[in-house]
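# A structural walkthrough
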Amino acid sequence: MDKVYLTWWQVDRAIFALAEELRKNFMPDVIVGVARGGLIPAVRLSHILGDAEVKVIDVKFYKGIDERMEKPVVTIPLHGSLEGKRVVIVDDVSDTGKTLEVVIEEVKKAGASEVKVACLSMKPWTKVVPDFYVFRTDKWIVFPWEEFPVVVRE
Ligand code: 5GP
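Notes on the structure follow. All values derive from a computational prediction rather than experimental measurement.

Reading the values: rules and limits
Per-chain numbering applies: the sequence of each chain, read as written, is numbered from 1 onward. Note on the predicted model: pLDDT of at least 70 is required for a residue's local features to be given, and 80 or more for side-chain atom pairs to be given and counted; whole-chain, interface and lining totals, by contrast, use all residues. Excluded from the side-chain calculation are hydrogens and water; included are all heavy atoms of the structure. Runs of E in the DSSP output that reach at least two residues are strands. Runs of H or I that reach at least four are helices, and both are numbered from the N terminus. Multiplying one less than the number of residues by 1.5 Å gives the expected span of a helix. We call two residues contacting when some pair of their heavy atoms lies within 4.5 Å. A side-chain nitrogen of Lys or Arg and a carboxyl oxygen of Asp or Glu constitute a salt bridge if their distance falls within 4 Å. Type-normalised accessible area, obtained with a 1.4 Å probe on protein chains alone, sets the label of each residue: buried when under 20%, exposed when over 50%, and partly exposed for intermediate values. Grid spacing is 1 Å over the protein atoms alone, the probe is 1.4 Å, and a cavity is where that probe fits but cannot get out, while a pocket is an open set with protein on both sides within 12 Å along at least five of seven lines and lining residues have an atom within 4 Å of a point. Grid points are joined across faces, edges and corners, and a volume is the space filled by probe spheres set on the points. The classification used treats Ala, Val, Leu, Ile, Met, Phe, Trp, Tyr, Cys and Pro as nonpolar, Asp, Glu, Lys and Arg as charged, and all other residues, Gly among them, as polar. Here, any two strands with at least 2 DSSP bridges between them count as paired. Axis definition: a line fit to C-alpha positions, over the contact stretch in the case of helices; interaxial angles, taken between N-to-C directions, run 0 to 180 degrees. Among the buried residues, those of types Ala, Val, Leu, Ile, Met, Phe, Trp, Tyr and Cys that are joined through side-chain atoms within 4.5 Å form a nonpolar core. Pairing of aromatic side chains here covers Phe, Tyr and the six-membered ring of Trp, requires ring centres within 6.5 Å, and sorts the geometry by plane angle: under 30 degrees stacked, over 60 edge-to-face, intermediate tilted. Any Lys NZ or Arg CZ found within 6 Å of a ring centre and within 35 degrees of that ring's normal is scored as a charge over the ring.

### A closer look at helix α1 (residues 8-25)
Spanning 18 residues, α1 covers 25 Å between terminal C-alpha atoms, matching the ideal 26 Å at 1.5 Å per step. Those residues of α1 that are buried are in contact with α2 (39-48), β5 (86-94), β6 (114-122) and β7 (132-136).

### Details of the pattern of salt bridges
Within this structure, the stated rule accounts for eight salt bridges. A salt bridge links Arg44 to Asp12; the nearest nitrogen and oxygen atoms lie 2.6 Å apart. Taken together, the positions of Arg44 in helix α2 and Asp12 in helix α1 put the pair 32 residues apart, joining distant regions of the chain. Arg44 sits in the partly exposed class, given a relative accessible area of 32%. In this structure Asp12 comes out as partly exposed when scored by relative accessible area, which is 26%. A salt bridge links Lys109 to Glu106; the nearest nitrogen and oxygen atoms lie 3.0 Å apart.

### A few points about the layout of surface pockets
In this structure, the largest pocket encloses a volume near 890 Å³. The wall of the largest pocket is formed by 33 residues, among which Arg36, Tyr62, Asp92, Trp140 and Glu146 lie closest to the centre. At the level of secondary structure, the elements contributing two or more residues to the lining of the largest pocket comprise β1 (3-5), β2 (30-35), β3 (53-64), β5, α3 (98-109) and β8 (140-142). The residue inventory of the lining of the largest pocket, partitioned by class, reads 15 nonpolar, six polar and 12 charged.

### Concerning the sheet that holds β2
Sheets are built from strands that pair by backbone hydrogen bonding, the pairs being arranged parallel or antiparallel. Judged by pairing direction, the sheet is mixed, and its six strands sit side by side in the order β4-β3-β2-β5-β6-β7 without closing on themselves. Each edge of the open sheet is held by one strand with a lone partner, namely β4 (67-76) and β7. Pairwise comparison of adjacent strand axes, ignoring direction, gives a mean angle of 25° for this sheet. Here four bridges tie β2 to β5, and the two strands are oriented parallel to one another. Its bridge partner being in β5, Ile31 is matched across the sheet by Val88. Here α2 sits on the sheet in contact with β2, β3, β5 and β6, set at roughly 160° to β2.

### Some points on the nonpolar core
One finds Leu22, Ile31, Leu45, Val88, Val90, Leu120 and Phe143 to be the most contacted residues of the largest nonpolar core, which totals 22 residues. Of all elements in the fold, only α1, α2, β5 and β6 reach the threshold of two or more residues within this core. Of all the elements, α1 adds the most residues to this core, at six residues. Discounting residues that sit within four places of it in the chain, Ile31 has contacts with Ala42, Leu45, Ser46, Ala52, Glu53, Val54, Lys55, Val88 and Val90.

### Some points on the packing of aromatic side chains
Remark: the centre distance and the inter-plane angle together describe each pair of aromatic rings, the angle taken between the planes. As enumerated under the stated definition, the model contains two aromatic pairs in all. Between the aromatic rings of Trp8 and Trp145, the centroid separation amounts to 5.8 Å while the plane-to-plane angle is 55°, which identifies the pairing as tilted. Of this pair, Trp8 sits in helix α1 while Trp145 sits in the segment after β8, placing them 137 residues apart in sequence. Judged by its relative accessible area of 24%, Trp145 falls in the partly exposed class. Ring centres of Phe143 and Trp145 lie 5.1 Å apart, and the angle between their planes is 5°; this geometry places the pair in the stacked category. Accessibility expressed as a relative area gives 2% for Phe143, which makes it buried. When the ring centre of Phe26 is taken as origin, the NZ or CZ atom of Lys116, which lies over that ring, is 5.8 Å away.

Any functional reading would require information beyond the geometric quantities listed.
Below is the structure:
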């Protein structure tokens with residue numbers, strides 16, 4: 001699968017763009033960051049949006065690049081209630097959309113009154129198109145916080 005490499009600068013620009021749209025359209029009470037990929041964007045968004053509360057959920061689904069388990073499993077559940085809260089779920093990318101499907105369900109179960117999804121990117125085939133996203137790609141994205149492969153010349 002082809003890869004696309006993003007820089008910190010590109011990601012930060014994308015987060016600022018998301019923040020601007022959230023400020024105009026949906027100021028959240030709580031940001032739910034999906035570990036691990038959604039955590040850095042979630043924390044950054046929280047600071048830009050004037051310290052909105054951040055909660056974490058962890059869902060395991062991937063074993064490697066484009067290699068998935070049968071279905072996503074919640075490994076760190078949401079802590080506490082989201083009763084009556086406006087919640088934005090933040091992740092790096094909506095690929096199959098199965099992770100977000102599970103997270104949306106969990107956030108609703110926790111009592112959120114309104115739920116929106118914001119991602120840096122989405123794949124054209126996803127079944128959960130985020131309410132807010134910055135770009136679409138059919139490539140495997142390598143984010144700046146991930147490992148970059150090093151070529152060692154023999
Ligand atoms: P989904 O459940 O939508 O298939 O996948 C969601 C999660 O898988 C994302 O939060 C992300 O952590 C990981 N993932 C899916 N596609 C990519 C990708 O292209 N690049 C990276 N780095 N992670 C991905």
